[in-house]
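Here's the letter readout for the chains.
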Amino acid sequence: MERIGDFVTRDDDSQANTQFIGAEEHPILTSSFFLDHVGEVSLTLKPDGLSWKLMDSLCNDHEDRSTCLGIQILSRNNTSINISDVYAVEFIDWGLVHETLLTNPGCLLGHASEVKNMYRFTVHGVDRSKSQPSLWAPIVYTFGHMDKPTCQMWVNRLNGFLSMETHRPKNLLVYVNPGSGKGNGCRTWLSLAPIFSQAKVKTKVTVTERAGHAFEAMASMSDKELNSYDGIVAVGGDGFFNEILNGILLSRHKAPYPPSPPDDESENDVLPHDPTVTITEPSVSREDESPLLSGSPLGGSQPVNNINENSEMSFPNERFRFGLIPSGSTDAIVICTTGVRDSMTSALQIILGKRLCLDIAQVVRWEKSQSGKDPRVRYAASFAGYGFYGDVITESEKYRWMGPKRYDYAGTKVFLRHRSYEAKVAYMKVEAEKTNAGANARRVKAFWGLSKESERVPCRAKCDICNTPVTPQMETRDPQKESNWVRVKGRFLSIGAAVISCRNEKAPDGLVADAHLADGFLHLILIKDCPRAFYLWHLTQLARKGGTPLNFDFVEHHKTTTFTFTSSGEESVWNVDGEILQAQKLSAQVFRGLISLFASGPET
């Protein structure tokens, strides 16, 4: 018998070697098992996880992983796994277990491992990459024992602990866009479906047949049916996620509209058209795939109040979560919320029930009607852009046969045209009150974006800024007061409003490197008319890791909660999360943490 910490192991192989120590409700369970490809271990189960210690000191070498022909078999240094990282435990009956490691890893001439037949169970969990902490992969531990009831008892106890992870989804709606990105949507889901099944997550899968299919399904689905699911998963890109988001929110999110742009005849400001001029008024102290064109329901041909008015499901909603498995052209939302563009990582975070809040922008297109201004609403999770951004998404529609490369080709054509557009923009000023010195002051300054460039903190997992509750010092200003607005008029190459940083493979830091997932702010980026070479310099900085795309005289960056837009001359279109929106008058506001996402935030 050997005492290890506060638990006891015995050397015999009978069921009697299983020991219970501690409180009756959650006793510590310990026994000797054979871990496949490792050897005999002393296995201990506590409510928070499973751990083991090698019984054979010969197995404790300095190599990090056992390999054969360069293929990783198992991490030798992994000696525990948290219950929060386990998604399935299975009894697999009688079979082979490899007792010991190869004595010469990676070499076929080394001694082969010994094998035994015994009863086995597997523990399926998550392994995080040491070089890329945001990258997750499934890992399997197989434990063997000569006694079948002992194995079954451990499986039952482990499953009992897993059943206490009540935040994990049990029933999900899944929509797959077969045409997303390079057309890999169906293949992506088929490769991941077995893991959902293994984790006992029921999935109702729909493969969309046309643009707008998912939107129509969400808009027509009753709240009773929607509430029967723990969430909805989109297998596709940012544009497909936007389609599902709008299908759910348009009929269910009730909130006042943002202020509408002023009518031309009511505006008293007289500003020169060129160059662009910013006027600050006196203040008181204090993707992607399947773009839906204007003919579809999501394109704005219906007023929002025509869709399912009597809904009961409301937002924010902590229980119902959105998931996104990347299969698009840019997948900026996934990169910003998980840290990597990896479908397996996203699937594992969904299965484990990870949760974070995400800001959502409400974009309102104003149209004149007999009753006055008629609002048509859209929601955006990442970005809304005009000018260059709108022209690229419009041009790319002509080359859908090219796949994701169409954006590079369309972007080059639009850049060479170098067209600017005359417009008026007004945005709400935000200002932090003086706060106490110390850590809280730095946190509040970071929250409001008032810190210096070197002090800015990008959004990461368990972000302090996103988790900072709104305090009286952080309350936004009254949008009805004229003194709280700043007006800008001139010619712009582009106008962008970023909800999140919009990191992607072509812009590694995103449009705004320190934008956060749930701080309640939009980042308004105004690119004034400038020589083509200067604009190229800006785009080059955007494509660089550690670049400074906002540090130009022709670039204005404003942190705000609300803005309005009016096209004054020849019009472009708006690109809203990769979807086309035609709007001559538009306003937008952000709702802090409006939806919950199956994600844990980027680690790096």
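Residues numbered from 1 in each chain as written. Predicted model: local features only at pLDDT ≥ 70, side-chain atom pairs only at ≥ 80, totals over all residues. Heavy atoms only, no water.

The name that an unreviewed UniProt entry assigns to the protein is DAGKc domain-containing protein, with the source organism given as Lactuca saligna.

So, the overall build of the protein
Heads up, the rule is: A run of DSSP states H or I qualifies as a helix once it reaches four residues; a run of E qualifies as a strand once it reaches two. Both are numbered from the N-terminal end. Throughout this description, buried means an accessible area under 20% of the type-specific maximum (1.4 Å probe, protein chains only), exposed means over 50%, and partly exposed covers the range between. Using the Shrake-Rupley algorithm and a 1.4 Å probe, accessible areas are obtained, with residue cover drawn only from the displayed protein chains.
Check the secondary structure of the protein and you find 11 helices and 28 strands. Taken over 604 residues, the protein has a buried fraction of 55%. Roughly 26400 Å² of accessible area belongs to the protein as shown, and the carbon and sulfur atoms make up 51% of that amount.

Observations regarding the pairing of strand β17 (residues 321-326)
What counts, and what does not: Paired strands are those between which DSSP finds at least two bridges.
When you tally the buried positions in β17, you get six out of six residues, the bulk of the element. Relative to β17, strand β15 (residues 231-236) runs parallel, the two being bridged by six bridges. Considered in β17, the bridge of Ala 234 is made with Leu 324. Alignment of β17 against strand β28 (residues 585-597), held across two bridges, turns out to be parallel.

What about the nonpolar core?
Short version of the rule: Put simply, buried Ala, Val, Leu, Ile, Met, Phe, Trp, Tyr and Cys residues joined by side-chain atoms within 4.5 Å make one nonpolar core. We call two residues contacting when some pair of their heavy atoms lies within 4.5 Å.
Judged by nonpolar contacts, the single largest core of 96 residues is most densely connected at Tyr 175, Phe 322, Ile 495, Phe 563, Trp 574 and Ile 595. With residues up to four places along the chain from it excluded, the contact list for Tyr 175 reads Thr 206, Thr 208, Ala 214, Ala 217, Met 218, Met 221, Ile 232, Val 233, Ala 234, Val 235, Phe 240 and Ile 244. Grouped together as the second largest cluster of nonpolar side chains are 25 residues, Leu 35, Val 86, Val 89 and Leu 162 included.

Digging into the packing of helix α2 (residues 185-198) against helix α7 (residues 343-351)
Operational definition: In this description, a line fitted to the C-alpha atoms serves as the axis of each element, helices being fitted only across the stretch in contact, and the angle between N-to-C directions of two axes falls anywhere from 0 to 180 degrees. The hand of a helix crossing depends on one turn: near helix anticlockwise from the far one by less than a right angle means left-handed, and clockwise means right-handed. Lys, Arg, Asp and Glu make up the charged group, whereas Ala, Val, Leu, Ile, Met, Phe, Trp, Tyr, Cys and Pro make up the nonpolar group; the residues left over, Gly among them, are polar.
One way to put it is that α2 packs onto α7 with a least axis distance of 10 Å and a crossing angle of 35°. Pair α2 / α7 crosses with right-handed handedness. Listed contacts from α7 to Thr 188, Leu 192, Ile 195 and Phe 196 of α2 are Ser 343, Met 344, Ala 347, Leu 348, Ile 350 and Ile 351. Looking at side-chain class alone, the contact of α2 with α7 contains eight nonpolar, two polar and no charged residues.

Remarks on the packing of helix α9 (residues 405-417) against helix α11 (residues 532-542)
At a closest axis distance of 10 Å, the pairing of α9 and α11 adopts a crossing angle of 145°. Residues Phe 415, Leu 416 and Arg 417 of α9 pack against Arg 532, Tyr 535, Leu 536 and Leu 539 of α11.

Some thoughts on α11
As a reminder, the rule being used: The arc refers to the directions leading from the helix axis to the C-beta atoms.
Along α11, the residues that are buried comprise Tyr 535, His 538, Gln 541 and Leu 542. Taken end-on, α11 shows its buried residues confined to a sector of 120°, consistent with a single buried face.

Structural notes on the environment of Lys 46
In this structure, Lys 46 sits in strand β5 (residues 39-46). Along the chain, Lys 46 and Leu 29 lie 17 residues apart, while their C-alpha atoms are 6.7 Å from each other.

Some points on the packing of aromatic side chains
As a reminder of what qualifies: Aromatic pairs are defined between Phe, Tyr and Trp rings, using the six-membered ring for Trp, whenever the two ring centres lie within 6.5 Å; interplanar angles under 30 degrees are classed as stacked, those over 60 as edge-to-face, and all others as tilted. Placement of a charge over a ring requires the Lys NZ or Arg CZ to be within 6 Å of the ring centre, with the centre-to-atom vector within 35 degrees of the ring normal.
Using the criterion set out here, one finds 24 aromatic pairs in the structure. Counting every residue linked through ring pairs, the aromatic cluster contains Phe 33, Trp 52, Phe 121, Tyr 141, Phe 143 and Trp 154. The cationic tip of Arg 128 hangs over the ring face of Trp 136; the distance from NZ or CZ to the ring centre is 4.3 Å.

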